[in-house]
Amino acid sequence: MDPIKIGKFISSKRKENNMSQSDLASILNVTNQAVSKWENGRGIPDIEMLKKLSEVFNINIEEILSGEENRRDNRKKFFYFGIFFLVIVLLVGLVLFLNNEHEDFYFSSLATDNDSFSIKGVMAYSKDKKSIYISEVNYDGKDEEKYISMECILYESNDSLEKIISKYGDINDKKTNTFLLTELLKGVEFNIDSYECGCTKEFCNNLFLRINVKNIDNKIITYQIPVQVDRSCEA
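1. Looking at the overall build of the chain
Across its full length, the chain holds 7 helices and 11 strands. Classification of the 235 residues of the chain by burial places 46% in the buried group. Across the chain, the fraction of contacts at a sequence separation of at least 24, relative to all contacts at a separation of at least 6, is 61%. When the accessible surface of the chain is split by element, carbon and sulfur atoms take 45% of a total near 12600 Å².

2. Regarding the pairing of strand S10 (residues 207–214)
Counting buried positions over the 8 residues of S10 gives 8, a clear majority of the element. On S10, burial covers both faces: Leu-207, Leu-209, Ile-211 and Val-213 on one face and Phe-208, Arg-210, Asn-212 and Lys-214 on the other are all buried. Pairing between S10 and strand S11 (residues 220–229): 8 bridges, direction antiparallel. From the neighbouring strand, Ile-211 faces S11, where its bridge partner is Tyr-223. Joining the antiparallel neighbours S10 and S11 is a turn of 5 residues, in which Asn-218 adopts a positive phi near 65°.

3. Observations concerning the side chain of Lys-51
As for its position among the elements, Lys-51 is in helix H4 (residues 47–57). Judged by its relative accessible area of 7%, Lys-51 is buried. Lys-51 has contacts with Ile-61, Tyr-133, Glu-189 and Asn-191, leaving out every residue within four places of it along the chain.

4. Regarding the packing of aromatic side chains
The full count for this structure, using the stated rule, is 4 aromatic pairs. An angle of 65° between the planes, with centres 5.4 Å apart, marks the rings of Phe-117 and Tyr-223 as edge-to-face. Residue Phe-117 is found in strand S3 (residues 117–125), and its partner Tyr-223 is found in strand S11; the two are separated by 106 residues along the sequence. We classify Phe-117 as buried; its relative accessible area is 1%. Aromatic ring contacts, followed pair by pair, group Phe-117, Tyr-139 and Tyr-223 into a single cluster. Directly above the ring of Tyr-155 sits Arg-210, whose terminal nitrogen or CZ lies 4.7 Å from the centroid.

5. Topic: the confidence of the model for the chain
Confidence in the prediction of the chain, expressed as mean pLDDT, is 80, and 79% of residues score 70 or more. Confidence drops under pLDDT 50 across residues 72–76; counting only partners more than four residues distant or on other chains, this segment forms 1 contact. Counting contacts from residues 92–102, a segment whose pLDDT is below 50, to residues more than four positions away or on other chains yields 33 contacts.

6. With respect to the nonpolar core
One finds Ile-132, Met-150, Leu-154, Leu-181, Leu-185, Leu-209 and Ile-211 to be the most contacted residues of the largest nonpolar core, which totals 28 residues. Contributing elements (two or more residues each) for this core: S3, strand S4 (130–139), strand S6 (149–158), helix H7 (181–184), strand S9 (190–192), S10 and S11. Discounting chain neighbours no more than four positions away, the residues touching Ile-132 are Leu-110, Val-122, Met-123, Leu-154, Phe-190, Asn-191, Ile-192, Tyr-195 and Leu-207. Formed by 24 residues, the second largest nonpolar core is a distinct cluster that contains Ile-6, Leu-28, Ala-34 and Ala-124.

7. Observations concerning the environment of Ile-171
Mapped onto the elements, Ile-171 comes out in the loop between strand S7 (161–169) and strand S8 (179–180). The exposure class assigned to Ile-171 is buried, which follows from its relative accessible area of 10%. If we skip the residues at most four places from it in the chain, Ile-171 touches Ser-149, Met-150, Glu-151, Asn-212, Val-213, Lys-214 and Ile-220.

8. Some words on unusual backbone geometry
Positive phi, normally seen in glycine, also occurs at Asn-18, with a value near 55°. Positionally, Asn-18 belongs in the loop between helix H1 (3–16) and helix H2 (21–28). The backbone of Asn-29 sits at a positive phi, close to 60°, despite the residue not being glycine. Within the secondary structure, Asn-29 sits in the loop between H2 and helix H3 (32–39). For Asn-29, a relative accessible area of 69% translates into the label exposed.

9. Concerning the pattern of salt bridges
Taken as a whole, this structure holds 7 salt bridges when the rule is applied. Its salt-bridge partner being Lys-5, residue Glu-68 comes within 3.9 Å of it at the nearest N-O pair. Placement of Glu-68 in the loop between helix H5 (61–66) and helix H6 (77–89) and of Lys-5 in helix H1 is noted, with a sequence separation of 63 residues between them. When its relative accessible area of 36% is taken as the criterion, Glu-68 is described as partly exposed. One salt bridge connects Lys-51 with Glu-55, and the closest N-O pair in it is separated by 2.2 Å. Of this pair, Lys-51 and Glu-55 are both found in helix H4, 4 residues apart, which corresponds to roughly one turn of the helix. Note on Glu-55: relative accessible area 51%, which makes it exposed. Each member of the salt-bridge network shares a partner with another, and the members are Lys-51, Glu-55 and Glu-189.

What counts and how
- Residues numbered from 1 in each chain as written.
- Predicted model: local features only at pLDDT ≥ 70, side-chain atom pairs only at ≥ 80, totals over all residues.
- Heavy atoms only, no water.
- Helix = DSSP H or I, 4+ residues; strand = E, 2+ residues; numbered from the N terminus.
- Buried < 20%, exposed > 50% of the residue type's maximum accessible area, 1.4 Å probe, protein only.
- Contact = heavy atoms within 4.5 Å.
- Areas by Shrake-Rupley, 256 points an atom, 1.4 Å probe, with all protein chains shown as cover.
- Pairing = 2+ DSSP bridges.
- Phe/Tyr/Trp six-rings, centres within 6.5 Å; stacked < 30°, edge-to-face > 60°.
- Lys NZ or Arg CZ within 6 Å of the ring centre and 35° of its normal.
- pLDDT = per-residue confidence, 0-100.
- Core = buried A, V, L, I, M, F, W, Y, C linked by side-chain atoms within 4.5 Å.
- Salt bridge = Lys/Arg side-chain N within 4 Å of Asp/Glu carboxyl O.

As structure tokens, then:
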């Protein structure tokens, strides 16, 4: 991850949107100096600022961290995300600031080994804080059925205990139409700014997504997707 490249990318997106540094700073509720520091490659926004930037510029957090827009064919996205994953593994520490104070942050990409699903996301670590951001959950399987409702729940599992971290959707939300799973998963997003990790092992791979879908016969089908973090839970 290259802070200079990220800074140039933020600068180019700001100019594309006809914004001054003051305009962007006002939207993000930060100082002009903060925006200038990012664009000059002397710091990288924390996970909350990355989320806000992605919304302002209508791009993914992963695009900001890579310093370029993802214009690849959707059929190749899993392959290229694998390359991005390998790049993330090689990251060392990044110097960020929070509330005008410097803080060491580390980023880890999130993935799954479930053959029928793919996910996009990152986990950010500092000494005092962890954040989780999942921007996409995609179904890559075949022979899709149609469903009337869906819920997607992010869990943490420790021994035999399961703790709900966040939830998207409602299995009891009855719709007038039926939808494919790929359609129901559009818009699924998790943004946990402060995550208290309860794991005791070296690697924090105790997260998983549980997707419940209900068909027209009111039968509930469940998919369980492990969420894998590529580095230690310790910052």
